[in-house]
Protein chains: 2
Amino acid sequence: MLEKYIKAALKETECDLVLKNASFVDVFDGNIKTGDIGIKDDKIVGYGVYSGKKEIDCKGKYVLPGLVDGHVHIESSQATPEEFAAMIVPHGTTTIIADPHELANVLGMNGVNYVVEASKNVPLDIKVQLPSCVPATPYETSGAILGGKEIAENIVNQNINGLGEFMAYPSVLMCDPDTLKKLEATHAAGKIIDGHAPLLTGDELNGYLCGGISTDHECITVEEMREKISKGVYCHLRIGSYTRNMDLVKAITPYNYRRVILCTDDRHAADIKKAGHLDNALKRAVEAGLDPVLAVACGTINACECYGLKYRGAIAPFYYADLVVVEDLKDFKPLLVLKDGEVVAENGKALFDTSKRYLPEFVKNTVHVKEFKADDFKIEIKSKKARVMTTESSGVMTGEAIIEVASKDGDVTLEGTDLLKMIVVERHKMTGNIGKALIKGYGFKGGAMGISVAHDSHNIIILGDDNECILKAVNELAKIGGGMVIVDKEKGTVDSVKFDIAGLMSSEASEIVQEQSKKLADKAYDMGVDKNKEAFFSLTFLSLAVIPHLRLVDKGLFDVIKFDFVPLEAE
Amino acid sequence: MLEKYIKAALKETECDLVLKNASFVDVFDGNIKTGDIGIKDDKIVGYGVYSGKKEIDCKGKYVLPGLVDGHVHIESSQATPEEFAAMIVPHGTTTIIADPHELANVLGMNGVNYVVEASKNVPLDIKVQLPSCVPATPYETSGAILGGKEIAENIVNQNINGLGEFMAYPSVLMCDPDTLKKLEATHAAGKIIDGHAPLLTGDELNGYLCGGISTDHECITVEEMREKISKGVYCHLRIGSYTRNMDLVKAITPYNYRRVILCTDDRHAADIKKAGHLDNALKRAVEAGLDPVLAVACGTINACECYGLKYRGAIAPFYYADLVVVEDLKDFKPLLVLKDGEVVAENGKALFDTSKRYLPEFVKNTVHVKEFKADDFKIEIKSKKARVMTTESSGVMTGEAIIEVASKDGDVTLEGTDLLKMIVVERHKMTGNIGKALIKGYGFKGGAMGISVAHDSHNIIILGDDNECILKAVNELAKIGGGMVIVDKEKGTVDSVKFDIAGLMSSEASEIVQEQSKKLADKAYDMGVDKNKEAFFSLTFLSLAVIPHLRLVDKGLFDVIKFDFVPLEAE
């Protein structure tokens, strides 16, 4: 096993592949070196002067270790792990720390195991963190519950790298017994726990870290990030579709950079296509003033050290030959990507077969709803004053407004207002739960639109101004096994895009899904949706009962500041 | 389990101990911070403003994480692990990576397990590396053999942290099958392999590292150390009794310091008593120009990251409360040492009970020799020219000289020369093997002197000019179970110091052993030993058949440059 590497390093046998005349980034001493990088089978055997069966001249180009995404939810791409690999590997990402939190909310451990199995089909290392907060809150109905018992049973599994982001930080501070059971089981297994604690500092940060939490990808300020690093936390710089903190490169010094990691968290397929993946993060970090070599260390070795990935993240003997050849250290445009010594992408195109898919029956047909009538979506406001959810044009915060509304036949009247009904229909267990609310200013008119992605329990969320259309929308999503839908009352049409995997992701090729999605979004904009919003995906956060102010879940309207349900009636 | 830490961090319960008003070294961002360090039970729960049941004012002093010795042979102190802890903990060392290579050469796995068990008695974390090269060469008779099979069986043991220094680097480069078996078994167990490869660079270094070796404590030049770090190696700065490379702090930069570790390797009790332990290494590193905060990182967190010791080596929430209070960041004089939250040493004195000892029968009575006659130590030189070992006044290199000698009754005549007989008697298996040589310039006259510590197989090594005295010396060492001996022909006396544990270490209190040893050394100097040498311990390297030029082992005279045995007769 070792002999082939040793002999190739000593030039007693020929290398399989050599990157000739490379300028490459040395993440161990912060320099750029030049030479040939010798590769035997899946590993780098050394640098210096090497010759090989195959040689690629890299003169004038730069070679980096394969990029490592320290925290990502594959589900946000709406693509299978295989399609996701085909999207991101050409951008130089060769390892990801995946937290299948969304899949787990629908499918429990089946969702986690789906990612583990699917990852075997592609040249991308997918290290799986066990989702820690399923459901995210006790106020909603999810498809599965991963309590302390389930975490303890599964964290020991060798396919599980660690415990996923512990979002429920108040429950750590409150020493909730089931929470402590999850954390203690992970420690007993000797695995890492990812954190999630925006703006937590001082004693509260100390308390949270005493749960044995090692990372955070939610830093907002420079001071916060520096404090967290000082307290031993690995902090992620994030370049998601919604949430980004790349300007925090200002917090980085030569003395603390070893605890900074890059991640994407939630990044849509369209953004990956348009702007890239971690290559884009490197570019942004350097634009923001970070030394390119330190930026590369953040995107490679640091994550490997944090997550215990041995012999990855650097260009050195015995390290896996996960490598990216880029044009320069400014734009980081990837020209060639190697995984385990094989060329797997060139000039932005994946060279590997993505047709092999793991598609077990249990990921399909996951939308189960009770048989409803149109009248079930009536909203009765007796007081004439309603508590209405408001949204900003962009961002994921919501507000509350008290607005006078008229009613007719026991249902609120929407004509002549900029209000819409918002409906969350429980879709896992056929409980028949319907959460109802009113939302202002979304812009849509003349039917119903909705999606089966709705953080974090992923029930069905529908906006509409017509009960029949809402019913049709619900039934269409149930029929296709989840996805996005628009019911146009005037035209009498029902258009949809299928997310047939857990109602979250599509088994189709990503290009096709993106095209279909764009078409459907355009129709939503045509029907009035505020163009500053993402037509469907802005909806998916409106049920996330941890971000202020009002949120709607299947059990009702939730005030995150009061941390309790509130009535729709305002008085 | 976690609750007590979280509640104390949040000040819902009181800390057990608080270091008030501390200036402390933040190894994560290279700064010095000030505040109170709150401790609950065995862990730090946070810093900031804390109060506790017990408070220690640290105003004007500095607090460091407990120091970590990245590579040490406890045996070189001639003390039990318990006594060793009592020696070094007051100097601020709270964790050591121990390689019981000498014990293993005498006792095999019993020697390793002895250290594991003894370590449980003291407030010092002793992480044990499995000795990888027992015996060090095939040219000598050791007490035990740890081959590929034995390594594979034992490396998986949870008490074993990794594989000890792989000294036999040529056998890695030659792909010796048993060597590869050892390395591969360690990789399969997911454990770390320590290296030992002085001056290895370029392709040969690449080849050695392709064995999956992670560390090196043998760097000699700045360029060598920088290359090794660049290739992912953790490099130790060493402050042993013989071998030191502290001037290599010149190789350290803010970008590469995270891969530098401090170690003592072989350090005698007398040196620890006189100059200290890692506190001395910190002082020397700073004197040599290293930033004190980086020096502390080298002595703490870096070793913990290298050897996979979680939650150690830093002052941060959830980290074990292994702490050292020092007077300043110049001399690093330790005033107070905490281990797992307990004060275990103060002003240079251990506060813990060292009377509890693990002393199993199998470590005792390990010197087994055949019954010899004085004539067995005759050295017959027929050619009149002998190949003689020369030594330098200091250092561990030897040379070769061809010298005319006279003989009488089939034995070399030593009168009127500065030659002595050197005898190595196999003492493990009663093979009766006697290695014989002549040594020039050691200075001793009028009897015999010897020791049962003789690297690496630890046979008995005797110098003398009288066969009867040599016999008495051998028999005395056999009788006392190993140690040091002087036989004075004129006075008719036999004086000795007992190393009753494996013939390497004493079960006595270290103070007593040091006093006895000093007395015996003084007698050796009185009998003529060159005062630039360590009277007995300079002998212990004369059988180490890996350092040029001539060495003597139980199987004969060995030429390290030719890498073969050579005759005593020079023509």
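Remember, it's a predicted structure, so these values are computed and weren't measured experimentally.

(A) Fine view of the relation of the copies chain A and chain B. Of the transformation placing chain A onto chain B, the axial shift is 0.0 Å and the rotation is 180°, giving an RMSD of 0.1 Å. Taken together, the rotation and translation relating the two chain copies correspond to the operation of a two-fold axis. When C-alpha distances to the rotation axis are compared across chain A, the minimum falls at A:Pro254, with a value of 3.0 Å. With an isologous cut-off of 70% or more, the 100% of interface residues of chain A that recur at the interface of chain B puts this contact in the isologous class.

(B) The arrangement of the interface of chain A and chain B in detail. In this assembly, 59 residues from chain A lie in contact with 59 residues from chain B. Summing both partners gives a buried area of about 4,700 Å² for chain A against chain B, and 59% of it is carried by carbon and sulfur. With its nearest N and O atoms 2.7 Å apart, the salt bridge here joins A:Lys11 to B:Asp203. Listed by contribution, the elements that provide at least two residues to the side of chain A that touches chain B are helix 1 (3-9), strand 3 (43-48), helix 6 (169-173), helix 7 (177-188), helix 8 (202-209) and helix 9 (222-230) of chain A. Broken down by class, the residue content of the side of chain A that touches chain B amounts to 31 nonpolar, twelve polar and 16 charged.

(C) Quick look at helix 14 (residues 467-480) of chain A. All names here are of chain A. The end-to-end C-alpha distance of helix 14, which contains 14 residues, comes to 20 Å, matching closely the 20 Å that a straight helix rising 1.5 Å per residue would cover. Those residues of helix 14 not exposed but buried are Asn467, Cys469, Ile470, Leu471, Ala473, Val474, Glu476, Leu477 and Ile480. Of the surrounding secondary structure, the elements contacted by the buried residues of helix 14 are strand 21 (411-412), strand 22 (419-425), strand 24 (447-451), strand 25 (460-464), strand 26 (483-488) and strand 27 (493-498). By the N-cap criterion, in which a side-chain oxygen at the helix start approaches the backbone nitrogen of a residue two or three places on, helix 14 is capped by Asp466, the distance to Glu468 being 3.1 Å. One or two residues past the end of helix 14 sits Gly481, with phi positive at roughly 80°.

(D) Quick look at the packing of aromatic side chains. For the structure shown, the criterion picks out 30 aromatic pairs over all chains. Where A:Tyr311 meets A:Phe318, the ring centres are 4.8 Å apart and the plane angle is 85°; that geometry is what we call edge-to-face. Considered together, A:Tyr311 and A:Phe318 belong to a single accessibility category, that of buried residues. Seen from their ring centres, A:Phe558 and A:Phe565 are 5.3 Å apart, and the 85° between their planes marks the pair as edge-to-face. In textbook terms, an aromatic cluster arises when at least three aromatic residues are bridged by ring pairs, as seen for A:Tyr5, A:Phe28, A:Tyr311, A:Phe318 and A:Tyr319. In this arrangement the basic side chain of A:Lys231 is found over the ring face of B:Tyr47, its NZ or CZ atom lying 5.0 Å from the centre. Between the NZ or CZ atom of B:Arg312 and the centre of the ring of B:Tyr320, over which it lies, the distance is 4.0 Å.

(E) Summary view of the pattern of salt bridges. Evaluated as defined, the whole model comprises 72 salt bridges over all chains. Two residues, B:Asp466 and B:Lys489, come together in a salt bridge whose shortest N-O distance is 2.8 Å. Taken together, the positions of B:Asp466 in the loop between strand 25 (460-464) and helix 14 (467-480) and B:Lys489 in the loop between strand 26 (483-488) and strand 27 (493-498) put the pair 23 residues apart, joining distant regions of the chain. Several salt bridges converge on common partners, so that one network encompasses A:Asp125, A:Lys127, A:Arg312, A:Asp322, A:Lys339 and A:Asp340.

(F) Molecular detail of the sheet that holds strand 7 (residues 93-98) of chain B. Residue and element names in this part refer to chain B. The five strands lie next to each other as 6-7-8-9-10, forming an open sheet whose pairing is parallel. In this open sheet, the two edge strands, each paired with only one partner strand, are strand 6 (67-72) and strand 10 (192-195). Averaged over neighbouring strand pairs, the angle between their axes works out to 30° when direction is ignored. Looking at chain direction, strand 8 (residues 125-130) and strand 9 (residues 160-166) are connected through three bridges and run parallel. When the bridges of strand 9 are listed, Gln129 appears paired with Gly162. The sheet contacts of helix 5 (residues 148-155) involve strand 8 and strand 9, and relative to strand 9 the element is tilted by about 150°. This element, helix 11 (residues 278-287), spans strand 6 and strand 7 of the sheet and lies at about 100° to strand 6.

Calculation criteria
Residues numbered from 1 in each chain as written. Chains lettered and ligands numbered in written order. Predicted model: local features only at pLDDT ≥ 70, side-chain atom pairs only at ≥ 80, totals over all residues. Heavy atoms only, no water. Least-squares fit on C-alpha atoms with pLDDT ≥ 70 in both. Contact = heavy atoms within 4.5 Å. Buried area = accessible area lost by both parts, 1.4 Å probe. Salt bridge = Lys/Arg side-chain N within 4 Å of Asp/Glu carboxyl O. Helix = DSSP H or I, 4+ residues; strand = E, 2+ residues; numbered from the N terminus. Nonpolar A, V, L, I, M, F, W, Y, C, P; charged D, E, K, R; others polar. Expected span 1.5 Å × (residues − 1). Buried < 20%, exposed > 50% of the residue type's maximum accessible area, 1.4 Å probe, protein only. Polar contact = N/O pair within 3.5 Å; in protein donor to acceptor, adjacent residues only side chain to side chain. Phe/Tyr/Trp six-rings, centres within 6.5 Å; stacked < 30°, edge-to-face > 60°. Lys NZ or Arg CZ within 6 Å of the ring centre and 35° of its normal. Pairing = 2+ DSSP bridges. Axes fitted to C-alpha atoms, helices over the stretch in contact; angles between N-to-C directions.

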